[in-house]
Amino acid sequence: MKMTGSKALIESLLQEGVETIFGYPGGAILPVFDALYDYDQKVNHILTRHEQGAAHAAEGYARVSGKVGVCLITSGPAATNAITGISDAMLDSVPLLVITGQVGAGLLGTDAFQEIDVIGITQPITKWSYQIRRAEDVAWAVARAFYIASTGRPGPVVLDFTKNAQSEEVDFQYKPCKFIRSYIPVPEVNISQLEKAAELINAAKKPFAVVGHGVILGQAEKDLMELLEKADIPAAWTLLGASAMPSDFRLNKGFVGMHGNVAPNMKTNECDVLIAIGMRFDDRVTGDLKTYASQAKVIHIDIDAAELNKNLKVEVPVLGSAKDVLPALTKLVKPARHTEWIDSFEIYKNTEYEKVIEREVFPKSGKITMGEVINKVSEATHHNAICVTDVGQNQMAAARYFKFSQTRSLITSGGLGTMGFGLPAAIGAKIASPDRTVCLFAGDGGFQMTIQELGTIMENNIGVKMIVLDNQFLGMVRQWQELFYEERYSFTKMKNPDFVAIGKAYNINGRLVNEREELDDAIAEMLKDDNPYLLVVNVERKGMVYPMIPAGTSVTNIILE
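Residues numbered from 1 in each chain as written. Predicted model: local features only at pLDDT ≥ 70, side-chain atom pairs only at ≥ 80, totals over all residues. Heavy atoms only, no water.

1. Let's talk about the sheet that holds strand β15 (residues 386-389)
Two pairing modes exist for strands in a sheet, parallel and antiparallel, and in both the strands are linked by backbone hydrogen bonds. One open sheet holds the six strands; their spatial order is β16-β15-β17-β18-β20-β19, and the pairing between them is parallel. Edge positions in the sheet fall to β16 (410-411) and β19 (509-513), since each has one partner strand and no second. Pairing analysis gives two bridges linking β15 to β16, with the strands arranged parallel. Looking across to β16, one finds that V388 is bridged to I411. Against the sheet, helix α17 (residues 370-380) engages β17 (438-443), β18 (465-470) and β20 (533-538), with an angle of about 165° to β18. (Pairing = 2+ DSSP bridges. Helix = DSSP H or I, 4+ residues; strand = E, 2+ residues; numbered from the N terminus. Contact = heavy atoms within 4.5 Å. Axes fitted to C-alpha atoms, helices over the stretch in contact; angles between N-to-C directions.)

Written out as structure tokens, the structure is:
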């Protein structure tokens, strides 16, 4: 079938099951957008208000759906605007395809209008980056891009599409990619390493598991819980591992890391066997590596060989997908009961409740707290909603106090910590799962970084519930200034606009809450509205997210108040 390279691109995307594209047109990608005009019944194109927004929206879509998120933008500044989203996807293992326009092949290297070296810029922050210079390479490149982005440890891929290749004609034929020489996305599991891991677990008196994003990416949530149940292993989760286990699962002991729960952080340095599953020993989880779980024998299960023994030297590295490793390991471990060990978590849990949670979630006086708002929204949605966060205090409080009943329910920027991620990511999340309630929690700082995406919400009537926790500060930076910089609040105070009025300008209903007595009614009003809704809550200005482990210190150096 003879067609242009532009049409071949769209037909290739359709072959890969793409239904939604997030993008922004421009000169160097105009032939593709012209071809897209004829596909409005087959492809839902969401016009964002900024290319960074398009990339983050595609991330949110991918994180909720498990599919590759697709972003279509033009050259030059459009491509560089998307760099933050591409980097974010790389660090958080999000399957993403970003297609950028490019000047014609004959103009490459001439500093033509809006020419930038997209391949040179993106190679360090992608799994694969490729420039399409001929129409005949379109189908091959798209097939390869989807295979690389979605298999193994997922990640972003960039296709830089020259304008001549968009207009040239080609005999179109599509063949999905199933194999690339030297690329082994799912390594074969070494049985002897599994046996060593099972031996350690079977001999353990105080086993403890830490669950990361890899369990969700591998769709191994059920396999995880079967292993934990059989061997009676208490488990905690990293920020990106949130929702891999339901919040009320009996062996779920909470959140590890800098603002995590006291019990799992303390027990990391008390367990005798630590089983790390699909996580990478990030510094925000481990603190000082010299003191992290130094008493324990460590088993590390990961699909990426580069992560094994990278940050932490372990006794038993197990290379493989969680989906393959966990069921095989479950067969080898013996049924066990660790009642006394599991019960010992309660002491720390009670301490945290008395010193932190009671004050933060159930305050009896003073200004409204972030934890109070987040808990009330979670309760009002019966813990069935998708929670999207921006970055900062709102993010850590949401991870701590929102509860989850199903997987893929916390969408947040982990490795890169991108302020401005939340609003566009919530758009993508809602489009991926229109039947679920999507609640965005954002601070006043991060919300304003991508506030223009309210236009995307307005145009498409995307029913996201946006909760802005407004403390007139860059809250997390202020917290560090208070604790470590003698309360020298250097450029963290913010004078904010009337967010509700801005929402109204975009035809978005909203409400401002100043007093605790208004909160329940406002949340109910927000959730009852089928349309997008902006709830702004003025919270405690100098609130703190505790517990907190100071950066670079032992996980046991937890500040509670």
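2. Side note on the environment of G76
Tracing the backbone through its elements, the reader meets G76 in the loop between β4 (69-73) and α4 (77-81). G76 sits in the buried class, given a relative accessible area of 6%. Sequence spacing of G76 and I116 is 40 residues, and the spatial spacing of their C-alpha atoms is 5.1 Å. The residues touching G76, leaving out its near neighbours within four places in the chain, are Q114 and I116. (Buried < 20%, exposed > 50% of the residue type's maximum accessible area, 1.4 Å probe, protein only.)

3. Observations regarding helix α14 (residues 322-332)
Every buried residue of α14 is accounted for by A322, V325, L326, L329 and T330. Buried residues along α14 cover an arc of 125° about the axis, so they all sit on one side. For α14, the secondary structure elements touched by its buried residues are α9 (191-203), α10 (213-217), α11 (221-231), β12 (273-277), β13 (297-302) and β14 (316-319). A side-chain oxygen of the first residue of α14 lies 3.1 Å from the backbone nitrogen of K323; this N-cap is S321. (Arc of directions from axis to C-beta. Polar contact = N/O pair within 3.5 Å; in protein donor to acceptor, adjacent residues only side chain to side chain.)

4. Focus on the sheet that holds strand β6 (residues 128-132)
As summarised here, the arrangement of the six strands in space is β3-β2-β4-β5-β7-β6, forming an open sheet in which the pairing is parallel. For this open sheet the edge positions go to β3 (44-47) and β6, each flanked by a neighbour on one side alone. Sheet twist, expressed as the average angle between the axes of neighbouring strands with direction ignored, equals 20°. Inspection of the sheet shows strand β2 (residues 20-23) paired to β4 by two bridges, in the parallel sense. Paired with F22 across the strands is C71, a residue of β4.

5. Some words on the domain arrangement of the protein
How big an interface is tends to be reported as the loss of accessible area on association of its parts. Domains assigned within the protein are domain 1 (2-171), domain 2 (191-345) and domain 3 (367-538). Spacing between the C-alpha centres of domain 1 and domain 3 amounts to 29 Å. Each partner contributes to the interface: domain 1 provides 25 residues, whereas domain 3 provides 26 residues. Sorting the residues of domain 1 by area buried against domain 3 places R49, R63 and V64 first, and these three jointly supply 34% of that buried surface. There are one salt bridge connecting domain 1 and domain 3. Note that R49 is salt-bridged to E459, the shortest N-O span being 2.7 Å. Summed over the shared surface of domain 1 and domain 3, the result is twelve residue pairs in polar contact (both at pLDDT 80 or more). Those elements giving two or more residues to the side of domain 1 that touches domain 3 turn out to be β2, β3, α3 (51-65) and α5 (83-91). The dominant element in the side of domain 1 that touches domain 3, judged by the number of residues it contributes, is α3, at eleven residues. Considering only residue class, the side of domain 1 that touches domain 3 consists of eight nonpolar, twelve polar and five charged. (Domains from an automatic or database assignment. Buried area = accessible area lost by both parts, 1.4 Å probe. Salt bridge = Lys/Arg side-chain N within 4 Å of Asp/Glu carboxyl O. Nonpolar A, V, L, I, M, F, W, Y, C, P; charged D, E, K, R; others polar.)

6. What about the pattern of salt bridges?
All told, the structure shown has 21 salt bridges when counted by the stated rule. The shortest N-O distance in the salt bridge between D520 and K376 comes to 3.0 Å. Of this pair, D520 sits in helix α24 (residues 516-528) while K376 is found in helix α17, placing the two residues 144 residues apart along the sequence. One salt-bridge network, held together by shared partners, links R153, D304, E307 and K310.

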